[in-house]
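Below are the chains, spelled out letter by letter.
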Amino acid sequence: MSVEISRDFLQMSLVGENTFDAALPRVKHLLSENRGYLSDTVPEGARAASILILFWSSNGREPQLVMQTRPEHMRAAPGAIVFPGGGADPDETVEQTAIREFNEEMFRENVLALDSVVGKMPPFVRTISSSSGDRTYWMAPVVAWSEQNLLFNPSEEEVGRVILSPVSHWLDSSEEFYIPKGEDKAMMEGNALALLML
């Protein structure tokens, strides 16, 4: 598949009443296999959270997706490959949460600005097991684009490794979803499934 990914392309891809119709059956199936489902509202007892799907293209290079592994000391899904994100603070929008969490995890300071956001995808609910029990999250995927020269300085508490995954690998993959080179399919956590909706 030959698709030129740009900020304009992403913005156009994220608008329209039926934007995600083609992908939804597969997404719903994969979410159901990962104890999840689509939901526009935060269920009672769930924690609201956002994830940031950043398409990063600097100096004219091919866009890459910025992902991370969870540190091995984490109680929930240690070593899993995820998009950066986390729980919402009071009175934050999903976009503000996604940008704040990305900056905290990837830079430990405010580097990426809110105007890098190009749109949102349908939110979903997942129950995640950890050593301290199950916890249910309502996750809002936020899509962003940046052409900044980013120097990653990840938080050791929240990030095991930064993974830069070329977008072309996802578009050309015959897999259900692309696994970054050298990574374990079993370590692809459910919030990474959000990318299937693009």
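Everything below is about the structure shown above.
Residues numbered from 1 in each chain as written. Predicted model: local features only at pLDDT ≥ 70, side-chain atom pairs only at ≥ 80, totals over all residues. Heavy atoms only, no water.

**Student:** Pulling in residues and values, what's your account of the pattern of salt bridges?
**Tutor:** Side-chain pairing between opposite charges can occur once the charged atoms of the two side chains come close. Tallying each qualifying case throughout the model produces five salt bridges. Between Glu 95 and Lys 120 there is a salt bridge; the shortest N-O distance is 3.7 Å. Placement of the pair is Glu 95 in helix 3 (residues 94-106) and Lys 120 in strand 6 (residues 117-120), with a sequence separation of 25 residues. The exposure class assigned to Lys 120 is partly exposed, which follows from its relative accessible area of 44%. Linking Glu 104 and Arg 100 is a salt bridge whose minimum nitrogen-to-oxygen distance equals 3.2 Å. Note that Glu 104 and Arg 100 are positioned in helix 3 at a spacing of four residues, about one turn of the helix. Several salt bridges converge on common partners, so that one network encompasses Asp 89, Glu 92, Arg 100, Glu 101 and Glu 104. (Salt bridge = Lys/Arg side-chain N within 4 Å of Asp/Glu carboxyl O. Helix = DSSP H or I, 4+ residues; strand = E, 2+ residues; numbered from the N terminus. Buried < 20%, exposed > 50% of the residue type's maximum accessible area, 1.4 Å probe, protein only.)

**Student:** Give a detailed account of the packing of aromatic side chains, specifying residues and quantitative values.
**Tutor:** Taken as a whole and assessed by the stated rule, the structure comprises three aromatic pairs. Against the face of Trp 56 rests Arg 61, its NZ or CZ located 5.7 Å from the ring centre. (Phe/Tyr/Trp six-rings, centres within 6.5 Å; stacked < 30°, edge-to-face > 60°. Lys NZ or Arg CZ within 6 Å of the ring centre and 35° of its normal.)

**Student:** Would you mind going over the side chain of Ser 146 in detail, with residue names and values included?
**Tutor:** Locating Ser 146 in the fold gives a position in strand 8 (residues 133-146). Separated by 3.1 Å, the side chain of Ser 146 and the backbone nitrogen of Gln 148 make a polar contact. Dropping the residues within four chain positions of it, Ser 146 is found in contact with Leu 54, Phe 55, Trp 56, Ser 57 and Leu 112. (Polar contact = N/O pair within 3.5 Å; in protein donor to acceptor, adjacent residues only side chain to side chain. Contact = heavy atoms within 4.5 Å.)

**Student:** I'd like to hear about the pairing of strand 7 (residues 124-130), residue by residue, with values.
**Tutor:** Of all seven residues in strand 7, five are buried, a share of seventy percent or more. The pairing of strand 1 (residues 36-38) with strand 7 spans three bridges and is classified as antiparallel. By the bridge assignment for strand 7, Tyr 37 is matched with Val 125. Bridge count for strand 7 against strand 8 is seven bridges, and the pairing is antiparallel. Residue pairing across strands places Ile 128 opposite Arg 135, the latter belonging to strand 8. (Pairing = 2+ DSSP bridges.)

**Student:** Describe the environment of Ala 49, listing the residues and the values that go with them.
**Tutor:** Within the secondary structure, Ala 49 sits in strand 2 (residues 47-56). C-alpha separation for the pair Ala 49 and Asp 89, spaced 40 residues apart in sequence, amounts to 8.9 Å. If near-sequence neighbours (up to four positions away) are discounted, Ala 49 is found in contact with Gly 86, Gly 87, Ala 88, Tyr 137, Trp 138, Met 139 and Ala 140.

**Student:** Summarise the side chain of Glu 105; cite the residues concerned and give the values.
**Tutor:** In this structure, Glu 105 sits in helix 3. No salt bridge is formed by the buried Glu 105, whose closest oppositely charged neighbour, Arg 70, lies at an N-O distance of 6.8 Å. A polar side-chain atom of Glu 105 sits 3.4 Å from a polar atom in the side chain of Gln 68. (Lys, Arg positive; Asp, Glu negative; His and termini not counted.)

**Student:** Any chance you could break down the environment of Met 74 for me, citing the residues and the numbers?
**Tutor:** Here Met 74 lies in the loop between strand 3 (64-69) and strand 4 (81-82). For the pair Met 74 and Glu 158, spaced 84 residues apart in the sequence, the C-alpha separation amounts to 8.1 Å. Setting aside residues up to four positions removed in sequence, Met 74 forms contacts with Glu 157 and Glu 158.

**Student:** I'd like a description of the pairing of strand 8, backed by residues and values.
**Tutor:** On a regular strand, each side chain points to the face opposite its neighbour's, so the side chains alternate between the two faces of the sheet. Examined bridge by bridge, strand 2 and strand 8 share 10 bridges and lie parallel to one another. Each residue of the ladder has a partner; that of Ile 53, found in strand 8, is Val 143. Inspection of the sheet shows strand 6 paired to strand 8 by three bridges, in the antiparallel sense. Of the residues in strand 8, the one forming a bridge with Gly 119 is Val 143. Linking two consecutive strands that pair antiparallel, namely strand 7 and strand 8, is a turn of two residues.

**Student:** Requested: an account of unusual backbone geometry, with residues and values cited.
**Tutor:** Glycine aside, residues mostly have negative phi, and peptide bonds are mostly found in the trans state. Positive phi is not limited to glycine here, since Asp 91 has a value of about 70°. With respect to the secondary-structure elements, Asp 91 resides in the loop between strand 5 (85-87) and helix 3. Positioned with a positive phi, Arg 108 is a non-glycine residue whose angle comes to about 65°. By the secondary structure assignment, Arg 108 is in the loop between helix 3 and strand 6.

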